[in-house]
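Observations on chain architecture
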Amino acid sequence: MRAIANKSGPCILIALLALPASASLAAQQQPQPPQQDHNQPQTQNQPQSPTNVTVTTPPMTEGPEVKGIISGRNEDKIKVTTADGGNTIIAVTEATRIKTEGLFGSGLFSGRSRQGVAALRNGLPVTVKTWQTGEGLVADRISFRNSDLRTANMIDSGTAQKFAEQTAATAALRSRMADIDKYNIKRTTNVYFDTGKAVLSGRARAELCSTASEADKMENALMLVVGYTDSVGSEEMNQRLSEKRAASVINYLQQACRWQPYRMLTPTGMAEADPAASNDTPEGKAQNRRVSVNVLVSKSVDGL
């Protein structure tokens, strides 16, 4: 019995000594919670930063060339009304080149130049080369004539010599004609359009420039442009179409026929009103799809 006790004692002791070691090893093999750096601010549910992420910007492609008259602008965009009466919004950036051309040479303003950007006044005929981006059109280069810039400056400020030299008709240049009886109608030219369209035909363009040439020979002559439609379509649609047709005629008179904007009364869209013929026949409707260009002279100065 004693011999057995002496032999088993060391075995039990060895087993007891081995147990904590194996338990300690097992504990080390269990996943441990991450150690928190108490020097860093604690945040909950902080997302992991993505790696190898490439941010791409939509590429710019060459956009259309836009020709028309500036009809609105703010700090970084201009609205250009084209010959067909449509409107195009174009962004102007610091990289936009602004170029002038004329009899006395040409100049190039950077978009960073305050003088260059300030030249983009309402009423200025321009040609804009653009880039197409995901957010719309951006101006690459804006060009215009020096003579057009002088006219636009005159209209905008109202202090140019032309206005000072005008007689009683000058006051009517920049306002809607309130009473036709105050004017003598010297000539009326009608140009016609296809159904639902505001695009000028070749014949209409020739007639408009002929009218402008004749009116230019008349002292103190003004123009009043009125757009009309036939009875096809809703009243709201025809109102917009008549205004678009009038705008198309005005743009062509100013850009191609060189009729000065300060000699233009405010245009009017009359939709189906005042038909020239019956809307019951195709021939009558064709006569009603028109824009009437009236050459006027104020009675107070007519014949002076």
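The coordinates are above.
Keep in mind the model is a prediction, meaning the values are calculated, not measured.

Strand order in the open sheet made by the four strands is 8-11-9-10, with mixed pairing throughout. Two strands lie at the open edges of the sheet, namely strand 8 (183-192) and strand 10 (268-269), each paired on one side alone. Pairing geometry for strand 9 (residues 222-227) and strand 10, over two bridges, is parallel. Bridging across to strand 10, Val226 finds its partner in Thr268. Helix 5 (residues 202-216) contacts strand 8, strand 9 and strand 11 (290-298) of the sheet and is inclined by roughly 165 degrees relative to strand 8. Strands in contact with helix 6 (residues 235-255) are strand 8, strand 9, strand 10 and strand 11; relative to strand 9, the strand with the most contacts, it is inclined by about 150 degrees.

Attention now moves to the pattern of salt bridges. Side chains that differ in charge, positive against negative, can pair when their charged atoms come close. Tallied over the full model, the rule gives six salt bridges. Put simply, Arg97 and Asp140 hold a salt bridge, and the shortest N to O gap is 3.0 Å. Highlighted residues: Arg97 in strand 4 (residues 97-101) and Asp140 in strand 7 (residues 136-145), separated in sequence by 43 residues. According to the relative accessible area criterion, Arg97 is partly exposed, its value standing at 36%. For Asp140, a relative accessible area of 22% corresponds to the partly exposed category. Linking Asp230 and Arg289 is a salt bridge whose minimum nitrogen-to-oxygen distance equals 3.1 Å. Of this pair, Asp230 sits in the loop between strand 9 and helix 6 while Arg289 sits in the loop between helix 7 (282-288) and strand 11; the two residues are 59 residues apart in sequence, bridging distant segments of the chain. The two residues Asp230 and Arg289 agree in class, both being buried.

Mapped onto the elements of the fold, Thr133 is located in strand 6 (residues 125-133). Overall, the relative accessible area of 18% leaves Thr133 in the buried class. With near-sequence residues (within four places) excluded, Thr133 lies in contact with Met60 and Val138.

As a further point, take unusual backbone geometry. Phi angles above zero are rare outside glycine, and Asn220 is one such case at about 65 degrees. Looking at the element boundaries, Asn220 is found in the loop between helix 5 and strand 9. The backbone of Ala271 sits at a positive phi, close to 50 degrees, despite the residue not being glycine. Positionally, Ala271 belongs in the loop between strand 10 and helix 7.

For the structure on display, the rule yields zero aromatic pairs. Directly above the ring of Tyr228 sits Arg290, whose terminal nitrogen or CZ lies 3.8 Å from the centroid.

Interhelical geometry of helix 5 versus helix 6 gives an angle of 60 degrees and a closest axis separation of 10 Å. In terms of orientation, helix 5 and helix 6 fall into the oblique class. When you trace helix 5 past helix 6, the crossing you get is right-handed. Contacts between helix 5 and helix 6 involve Arg205, Leu208, Cys209 and Ala212 on the former and, on the latter, Val249, Tyr252 and Leu253.

Moving on: the state of the cysteines. For the structure on display, the rule yields one disulfide. Note that Cys209 is cross-linked by a disulfide to Cys257, the S-S spacing being 2.2 Å. One quick way to see it: the torsion about the S-S bond of Cys209 and Cys257 is about -85 degrees, and its sign makes the bridge left-handed. With Cys209 in helix 5 and Cys257 in the loop between helix 6 and strand 10, the pair connects residues that are 48 residues apart, well separated along the chain. For Cys209, a relative accessible area of 25% translates into the label partly exposed.

The rules behind the values
Residues numbered from 1 in each chain as written. Predicted model: local features only at pLDDT ≥ 70, side-chain atom pairs only at ≥ 80, totals over all residues. Heavy atoms only, no water. Pairing = 2+ DSSP bridges. Helix = DSSP H or I, 4+ residues; strand = E, 2+ residues; numbered from the N terminus. Contact = heavy atoms within 4.5 Å. Axes fitted to C-alpha atoms, helices over the stretch in contact; angles between N-to-C directions. Salt bridge = Lys/Arg side-chain N within 4 Å of Asp/Glu carboxyl O. Buried < 20%, exposed > 50% of the residue type's maximum accessible area, 1.4 Å probe, protein only. Phe/Tyr/Trp six-rings, centres within 6.5 Å; stacked < 30°, edge-to-face > 60°. Lys NZ or Arg CZ within 6 Å of the ring centre and 35° of its normal. Parallel < 35°, antiparallel > 145°, perpendicular 65-115°, else oblique. Left-handed = near helix turned anticlockwise from the far one by under 90°. Disulfide = S-S within 2.5 Å.

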